[in-house]
Structures are given as C-alpha cells and as structure tokens.
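Structure at a glance
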Amino acid sequence: MDNKKRFISLCKTINRKGMDELLEWLENNDFYTCPASSRFHGAYPGGLLEHSLNVYDELKRLLSVYPEIKVSEESVVIATLFHDLCKVNMYETEKRNRKNGSGQWESYDAYVIKEKFCFGGHGSKSVFLTQHFIDLTPEEAVAINCHMSAFDNNAYVGNTYEQFPFAWLLSVADQSATYIKEGEINQHS
Ligand SMILES: [Fe+2]
Ligand SMILES: [Fe+2]
C-alpha cells in the first residue's frame, strides 16, 4: 500500500467529529507532498508523510517494550500522524547550483523554510492546527506539544513526561524515526 493510502486508512479509524474536514485540509494543502525537513531527514517530496508513518511504526514498536504505558490506539494514531502538522505550507523550493560528480555546475531545487504562519512554537502549532478540526484529549495535546522534548523553545518537560509518559514515548518515537529509521544507519545497510 502506498504511503498516502496507508495514512488515510489509519485516519479512517479515528472516530472524531471534524476528521473529514481535517482530511480535506491536508488534501488541499501540501501535507502529502512536502518534505520532513529542508536538508536533513526526509528532504524530498512526501518526506513528511513518510516520517509521520515512521513515527507511528516506531511508537507501536516502543509500546511493545513499555506495556506499562497504557494508551488507546486512537490516541496513538492521532498523536503520531499529526505531530508535525506545523510543517504544512512551511517549505518552498529555490534554484541553487552545485557541482555534480564530474565537477560540472548544475542547478537543482533546494528546500528553504518560508514560514507563512509564524505561530511561535513547533509542537504548539501542531496542537493548534489539529485542534482546529478535531477535539484532542489532554494527553494527546500534551504529547504533540512536547514531542520535541527540550529542543522546542528549550522548554523543561521533565514534569510533563512524568505526568504523561505517553508524551515521552512520542518524543522517543519521533527521534528514533528521525535518527534511526530515516538516518544514516539505515541508508547504508
Ligand atoms: Fe516535530
Ligand atoms: Fe517529527
């Protein structure tokens, strides 16, 4: 199954008012084609879609190691698939030059960040966008808000992770998707 079909079929398992509108918004904006980052992981069309599914798979893998963290399947789907909605409409391409393998200059399309909605936070922006369409439980909102751990506004999240272990697990799943599944270790194996 291709990534978009898989993403939509996971979304169809979510039973919340507003899901159809959220899916329509994703379709009408660049969620299915945008990259996951400008230069690092998933810097290609569809990179964010693939990363979101990777975070889902990594979270499921981690839950088998931490069965004491009890969370509904619906919360897993929502928190993983929508944690990076803040990146929708954030990237554009720009022509750049580089030397190719034979030393000749060639032009290529590079991703640049052109933020059109400067919310002032990464996780918080994803919470705002998701919550605009569907109601989030406190645990889902906290997990999405704090998925970058201390990398988002240097927020101290220790107490948050203690109160909401699922939020900690989402941050680990995000890192393991980024650094392991999409990282060098798997590019050369
Ligand atoms: Fe993120
Ligand atoms: Fe992420």
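The structure we're discussing is the one just above.
Remember, it's a predicted structure, so these values are computed and weren't measured experimentally. (Residues numbered from 1 in each chain as written. Chains lettered and ligands numbered in written order. Predicted model: local features only at pLDDT ≥ 70, side-chain atom pairs only at ≥ 80, totals over all residues. Heavy atoms only, no water.)

1. Some details on the coordination of the iron ion (ligand 1)
Just so we agree on the cut-off: As a rule, N, O and S atoms within 2.8 Å of a metal are its donors, except that Na, K and Ca use 3.2 Å; water is not among the atoms, so sites may look incomplete.
Asp84 (OD), His122 (NE2) and His147 (NE2) make up the full set of protein donors to the iron ion (ligand 1), lying at 2.1 to 2.2 Å. Each donor residue of the iron ion (ligand 1) lies on one chain, and together they are spaced D-x37-H-x24-H.

2. Some details on a nonpolar patch on the surface
Rule in force here: Like-charged residues within 9 Å of one another, or nonpolar side chains (Val, Leu, Ile, Met, Phe, Trp, Tyr) within 5 Å, are grouped into patches, provided each residue has over 30% relative accessible area and no salt bridge. Areas reported as accessible are Shrake-Rupley estimates using a 1.4 Å probe. Residue values count occlusion only from the protein chains shown. Each reported salt bridge corresponds to a side-chain nitrogen of Lys or Arg within 4 Å of a carboxyl oxygen of Asp or Glu. Each helix corresponds to a stretch of at least 4 residues labelled H or I by DSSP, and each strand to a stretch of at least 2 residues labelled E; elements are numbered beginning at the N terminus. Categorising residues by exposure relies on relative accessible area from a 1.4 Å probe, with only protein chains included: less than 20% of the type maximum marks a residue as buried, more than 50% marks it as exposed, and the intermediate range marks it as partly exposed.
On the surface, Phe117, Phe119 and Phe128 cluster together to form a nonpolar patch covering roughly 270 Å² of accessible area. Structurally, Phe128 is set in helix 5 (residues 123–133). For Phe128, a relative accessible area of 41% corresponds to the partly exposed category.

3. Description of the coordination of the iron ion (ligand 2)
Surrounding the iron ion (ligand 2) are the protein donor atoms His51 (NE2), His83 (NE2), Asp84 (OD) and Asp174 (OD), at 2.2 Å. Sequence spacing of the donor residues for the iron ion (ligand 2), all on one chain, is H-x31-H-D-x89-D. Residue His51 is classed as buried on the basis of its relative accessible area, which comes to 1%. For Asp174, a relative accessible area of 6% translates into the label buried.

4. Focus: the packing of helix 1 (residues 3–11) against helix 4 (residues 73–82)
Definition in use: The convention used is that axes are lines fitted to C-alpha atoms, helices contributing only their stretch in contact, and that angles between N-to-C directions extend from 0 to 180 degrees. For classification, angles of less than 35 degrees are called roughly parallel, those exceeding 145 degrees roughly antiparallel, those between 65 and 115 degrees roughly perpendicular, and all remaining angles oblique. In this scheme the crossing of two helices becomes right-handed for a clockwise turn of the near helix relative to the far one and left-handed for an anticlockwise turn of less than a right angle. Residue contacts are counted whenever heavy atoms from the two residues lie within 4.5 Å of one another. Following the grouping adopted for this structure description, the nonpolar residues are Ala, Val, Leu, Ile, Met, Phe, Trp, Tyr, Cys and Pro, the charged ones are Asp, Glu, Lys and Arg, and the polar ones are all others, Gly among them.
Where helix 1 meets helix 4, the axes come as close as 10 Å, and the angle between the chain directions of the two elements is 140 degrees. When the axes of helix 1 and helix 4 are compared, the pair comes out oblique. For helix 1 against helix 4, the interelement crossing comes out left-handed. Taking contact as the criterion, the partners of Phe7, Leu10 and Cys11 in helix 1 are, on helix 4, Val77, Leu81 and Phe82. The residue makeup of the contact of helix 1 with helix 4, split by class, is six nonpolar, no polar and no charged.

5. Let's talk about the pattern of salt bridges
Going through the model one piece at a time under the given rule, you end up with 15 salt bridges. The salt bridge involving Lys95 is made with Asp109; its shortest N-O contact spans 2.8 Å. With a gap of 14 residues between them, Lys95 in strand 1 (residues 91–99) and Asp109 in strand 2 (residues 105–113) connect regions that are remote in the sequence. Residue classification places Asp109 among the partly exposed residues on the basis of a relative accessible area of 46%. It is possible to trace a salt-bridge network through shared partners that takes in Glu92, Glu94, Arg96, Lys114 and Lys116.

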